[in-house]
Amino acid sequence: MNESLSRLTTRMDHLYEFDREPVSQGKLQTGARFAGLFAGEHVAATEFVIGAFFVLHGVSLRDLILGLLIGNLLAVLSWTFICAPIATRTRLTLYWYLRRIAGPGLNFIYNIANALLYCILAGAMIAVSATALGLALGISIPSLNDIFPTSFGWIALTLAIGLVFTILAVLGFEKLSRFAQVCSPWIFILFIAGAVALLPRLGVHANFDNFVEIAKTKIWNGVAAGGQEKLHLGHILFFAWFCNLAMHIGLSDMALFRYARSWIYGLYSAFGMYLGHFLAWICSGIMVAAVGREMHPGLMAFEAAGLAGAAGVFIAGWTTANPTLYRAGLALQVVTPNWPRWKVTLFAGLMTTILSCFPVFFMKLLDYVAIYGLVLMPIGAIVFAEHWIFPLLKIDRYQADKNKWMFNWKAAAVWGGTLVLCFFMPIHLFFRWLPGYIFALAFYVLLNLLRRK
Amino acid sequence: MKKILFLLLSLLSLLICLISPFLYFFGRIEEGDYKWIFLLSSVGWFVFATLWASVRNKIQRF
């Protein structure tokens, strides 16, 4: 058992070999590059769904604006004060830093968990693209409360799109990534154009004199759609904060910030937050209100911008699913002995394609985003404690690395214990990560206090 | 030279994409016209931005 795990982790190390060394000074990137990266990454297919869901969950205008302003600010500060400082000090990816802290065995489990979560996310993106193509083919999409596929047409459509996306990802991931870079400014414009073009349908005058009134009564009117839970200021604030929890508090974006000249570059994440997670969410809210509050991204964009709009939703789903499939494939490559890259990507793609048939992942995207961050968050707490708190308390660091442990059992106990605690917390799913994070920090420090020098 | 030309044309296409819904909103053009303009300028963006990106990549590679 130990031997086979050792073989797996050695193979995993080979896969990530290219970024094993800390980034050298000559490879550091400019702030403009970070601004562009964040702006591109956070204006994606998910934005068509999330902003629309806020409307369907009966969020009021005041709660939306305040919640998004504060929540996104907290997200930017999390990147700036938690993720970027560790990344710029170590110049390592989370993969290599976690390996030193938690041991290769736990690192392996983290990668597999990450891969599965990526597959589900990519599946939801395939479903978003399917809404655009389904519109052209006259295939009805599942309704808000559906869990299982509702028609043969939907299954056939998602399977077909998933297979095409998978084959394209197998054939040329890098070319598609370059195509995605070309797409992202246009997708942002599509959000703006779609919202502006649908304002007359909601009754907004050309001089905007009744815009606030329409926004309060016809868009974010505080009335939840049937079967949808009503969300308030706290929910929106926390959602905006934890939407990328795995990236900032969970430290995945160390991979990005290790190229930053200074930790202050974390502030560039504001370009992603306020263009994507503020403006684009508001625009998709306007669009869903204008199409009769139907959760149908394809229809929303088609009504807003015609053929180009529907194509935009399809492309957005594709360009978001593509890197997600790549990352899932990379993480899964460790458990597929001697499989070439194409075969692993194909496997990840097929798994994702099957998941995409189930509307629950797309229709419950807000909850899924919360669970995704929650599952990976304790790892961020463990790394934070080891990096900042251990030196203050004079606790010996990197024990797993120094003693060649396969598993840091204390880290594993903290990860598992935090998830169990979060599962039983008697508060809304959106709020659980914060007490969970504090618990994980305190628990990991307590377990290691005996190792004080 | 080509690189600058493609960059300018792609930015112009994107600008037209952005302006066209406002022209419709302010009642200067019809809905059908706006959708056509948006579609054509979108095609323009994809063509010129791709050409610009490929010229830029060639320069970077060699």
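Structure: see above.
Figured I'd write up the structure that's included with this text. (Residues numbered from 1 in each chain as written. Chains lettered and ligands numbered in written order. Predicted model: local features only at pLDDT ≥ 70, side-chain atom pairs only at ≥ 80, totals over all residues. Heavy atoms only, no water.)

1. So, the overall build of chain B
A count of helical and extended segments in chain B gives 2 helices and 0 strands. A buried classification covers 32% of the 62 residues belonging to chain B. By sequence separation, contacts in chain B at least 24 residues apart represent 64% of the contacts at least 6 residues apart. Within the structure as shown, chain B displays about 4,100 Å² of accessible surface, and the carbon and sulfur contribution to it stands at 73%. (Helix = DSSP H or I, 4+ residues; strand = E, 2+ residues; numbered from the N terminus. Buried < 20%, exposed > 50% of the residue type's maximum accessible area, 1.4 Å probe, protein only. Contact = heavy atoms within 4.5 Å. Areas by Shrake-Rupley, 256 points an atom, 1.4 Å probe, with all protein chains shown as cover.)

2. Observations concerning the interface of chain A and chain B
With 28 residues of chain A in contact, the opposing surface of chain B contributes 21 residues. With both chains or domains summed, chain A and chain B bury close to 1,900 Å², and 78% of this area falls on carbon and sulfur atoms. Across the contact surface, chain A and chain B share 4 residue pairs in polar contact (both at pLDDT 80 or more). With 16 residues, helix 7 (residues 173–202) of chain A is the largest single contributor of residues to the side of chain A that touches chain B. Among the residues forming the side of chain A that touches chain B, the class breakdown is 22 nonpolar, 3 polar and 3 charged. (Buried area = accessible area lost by both parts, 1.4 Å probe. Polar contact = N/O pair within 3.5 Å; in protein donor to acceptor, adjacent residues only side chain to side chain. Nonpolar A, V, L, I, M, F, W, Y, C, P; charged D, E, K, R; others polar.)

3. Observations regarding the pattern of salt bridges
For the coordinates displayed, the defined rule picks out 5 salt bridges over all chains. The partner of R201(A) in a salt bridge is E303(A), with the nearest N and O atoms 2.8 Å apart. Taken as a pair, R201(A) in helix 7 and E303(A) in helix 12 (residues 297–332) lie far apart in primary sequence, 102 residues in all. In this structure R201(A) comes out as partly exposed when scored by relative accessible area, which is 42%. When its relative accessible area of 22% is taken as the criterion, E303(A) is described as partly exposed. Note that K35(B) is salt-bridged to E31(B), the shortest N-O span being 2.9 Å. With K35(B) and E31(B) both in helix 2 (residues 31–61) and 4 residues apart, this pair spans about one turn of that helix. Classification of E31(B) by relative accessible area gives partly exposed; the value is 30%. (Salt bridge = Lys/Arg side-chain N within 4 Å of Asp/Glu carboxyl O.)

4. Remarks on the side chain of S78(A)
Residues and elements named next belong to chain A. The residue S78 is located in helix 4 (residues 61–90) in this model. A relative accessible area of 4% means that S78 is categorised as buried. Within the structure, S78 has its side chain in polar contact with the backbone oxygen of L74 (distance 2.7 Å). Leave out the neighbours within four places in its chain, and S78 touches C83, W241, H248 and I249.

5. Let's talk about unusual backbone geometry
A negative phi angle is the norm for most residues apart from glycine, just as the trans form is the norm for most peptide bonds. All names here are of chain A. One non-glycine residue, F208, lies in the positive phi region at around 65°. Its location among the elements puts F208 in the loop between helix 7 and helix 8 (211–219). Since its relative accessible area comes to 35%, F208 is described here as partly exposed.

6. What about the packing of aromatic side chains?
Residue and element names in this part refer to chain A. Per the stated rule, a full pass over the model turns up 39 aromatic pairs over all chains. Relative to W79, the ring of F38 has its centre 5.2 Å away and its plane inclined at 80°; by these criteria the two rings are edge-to-face. Residue F38 is found in helix 2 (residues 31–41), and its partner W79 is found in helix 4; the two are separated by 41 residues along the sequence. Note on F38: relative accessible area 1%, which makes it buried. A network of ring pairs unites the aromatic residues F34, F38, W79, F257, Y265, Y268 and F271 as a single cluster. It is R100 that lies over the ring of Y398; its NZ or CZ is 4.0 Å from the centre. (Phe/Tyr/Trp six-rings, centres within 6.5 Å; stacked < 30°, edge-to-face > 60°. Lys NZ or Arg CZ within 6 Å of the ring centre and 35° of its normal.)

7. Concerning helix 3 (residues 45–56) of chain A
All names here are of chain A. Here helix 3 contains 12 residues, and its C-alpha end-to-end distance of 18 Å stays within 8% of the 16 Å for a straight helix at 1.5 Å per residue. Counting buried residues in helix 3 gives 12 out of 12 residues, a clear majority hidden from the surface. Listed as buried for helix 3 are A45, T46, E47, F48, V49, I50, G51, A52, F53, F54, V55 and L56. Once helix 3 ends, the next one or two residues include G58, with phi positive near 65°. (Expected span 1.5 Å × (residues − 1).)

8. Overview of a nonpolar patch on the surface
Taken together, the side chains of L73(A), L77(A), F81(A), W263(A), I264(A) and L267(A) make up a nonpolar region of the molecular surface, amounting to roughly 520 Å² of accessible area. Turning to its location among the elements, L73(A) is positioned in helix 4. (Patch = residues over 30% accessible without salt bridge, like charges linked within 9 Å, V, L, I, M, F, W, Y side chains within 5 Å.)

9. Some details on the packing of helix 6 (residues 152–171) of chain A against helix 12 of chain A
All names here are of chain A. At a closest axis distance of 10 Å, the pairing of helix 6 and helix 12 adopts a crossing angle of 55°. On the basis of the axis angle, helix 6 is oblique to helix 12. Taken as a pair, helix 6 and helix 12 cross one another with a handedness that is right-handed. The residues of helix 12 that touch helix 6, namely those facing I161, F165, T166, L168 and A169, are F314, G317, W318, A321, N322 and L325. Its residues placed into classes, the contact of helix 6 with helix 12 shows 8 nonpolar, 3 polar and no charged. (Axes fitted to C-alpha atoms, helices over the stretch in contact; angles between N-to-C directions. Parallel < 35°, antiparallel > 145°, perpendicular 65-115°, else oblique. Left-handed = near helix turned anticlockwise from the far one by under 90°.)

10. Some words on helix 8 of chain A
Residue and element names in this part refer to chain A. Where helix 8 is concerned, the buried positions are I214, A215 and I219. Down the axis, helix 8 shows its buried residues gathered within 100° of arc, on one side only. For helix 8, the exposed residues set more than 90 degrees away from the buried face come down to E213 and K216. (Arc of directions from axis to C-beta.)

11. A few points about the environment of I70(A)
Examined against the element boundaries, I70(A) turns out to sit in helix 4. Each C-alpha atom, one on I70(A) and one on I236(A), is 9.3 Å from the other, the two residues being 166 residues apart in sequence.

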